[in-house]
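This is what each chain is made of:
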Amino acid sequence: MARVKPLADLIESCVGPAFAAQGFASTDILAAWPEIVGERLARFCRPEKLEWPRRRRAEGTAPESGTLVVCVESAFALDLQHLAPVVIQRVNAHYGWACIHRISLRQGRVSPPIRRALARNLDPAKRGEVALAVSRIEEEGLRDALDRLGLAVVAEQPGGRTPKIR
């Protein structure tokens, strides 16, 4: 019998190299972005890359902090600029060390979160099937993440077919 691999292992191996090219050690900052900056601000900004200092650190010294480049809708750039110290503190708290020392803003279009697009286009019956499939999962955070993933998968399926979840 084949061993079942966690979804996180599969996703990390697929998109990990692309994120590493942008300076991210893992994909979790994108997934945790709404919790880090809040739902309201997350609708109008997203992290793009993490720029690390070019000079090499001396052996045995702590790693230097980097600059987080954030794409932000023009109307909310000033809000994010004022909230930058709070965002830096929250990102650092999320990772457990001072990995960010400043935020660089790049104004541009930020695509709407998947949840908003799915809410308009998804058949309620399919939404119910996904909710039923994940209802057996006891851990709330995992259940919510799998629910979002299931909605995204169903929305991407031709004809809105629901994938089998065992």
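So, here's what we can say about the structure. What you are looking at is a predicted structure, and each value in this text was computed from that prediction instead of being measured.

Observations regarding the pattern of salt bridges
Part 1: Under the definition given, this model contains six salt bridges.
Part 2: The salt bridge involving glutamate 48 is made with arginine 46; its shortest N-O contact spans 4.0 Å.
Part 3: Glutamate 48 sits in the partly exposed class, given a relative accessible area of 23%.
Part 4: One continuous salt-bridge network, built from bridges that share partners, spans Arg46, Glu48 and Arg106.

Here we look at helix α6 (residues 124-134)
Part 1: If you check which residues of α6 are buried, you get Val130, Ala133 and Val134. Summarising the axial view, the buried residues of α6 lie within an arc of 90 degrees, below the 170-degree limit, and thus occupy one face. Exposed and oriented more than 90 degrees from the buried face of α6 are Pro124 and Leu132.

Thoughts on the sheet that holds strand β1 (residues 45-51)
Part 1: What the three strands build is an open sheet, ordered β1-β2-β3; its pairing is mixed. A single partner strand is all that each edge strand has here, and the edge strands are β1 and β3 (100-107). On average, each strand axis in the sheet is tilted by 30 degrees relative to the strand beside it, whichever way the strands run.
Part 2: Examined bridge by bridge, β1 and strand β2 (residues 66-72) share six bridges and lie antiparallel to one another. Counted as the bridge partner of leucine 50 is leucine 68 from β2.
Part 3: Against the sheet, helix α2 (residues 28-37) contacts β1 and β2, and its axis sits at roughly 140 degrees relative to β1.
Part 4: Packing against the sheet, helix α4 (residues 77-95) makes contact with β1, β2 and β3, and its axis sits at approximately 145 degrees to β3.

Cut-offs used in this document
Residues numbered from 1 in each chain as written. Predicted model: local features only at pLDDT ≥ 70, side-chain atom pairs only at ≥ 80, totals over all residues. Heavy atoms only, no water. Salt bridge = Lys/Arg side-chain N within 4 Å of Asp/Glu carboxyl O. Buried < 20%, exposed > 50% of the residue type's maximum accessible area, 1.4 Å probe, protein only. Helix = DSSP H or I, 4+ residues; strand = E, 2+ residues; numbered from the N terminus. Arc of directions from axis to C-beta. Pairing = 2+ DSSP bridges. Axes fitted to C-alpha atoms, helices over the stretch in contact; angles between N-to-C directions. Contact = heavy atoms within 4.5 Å.

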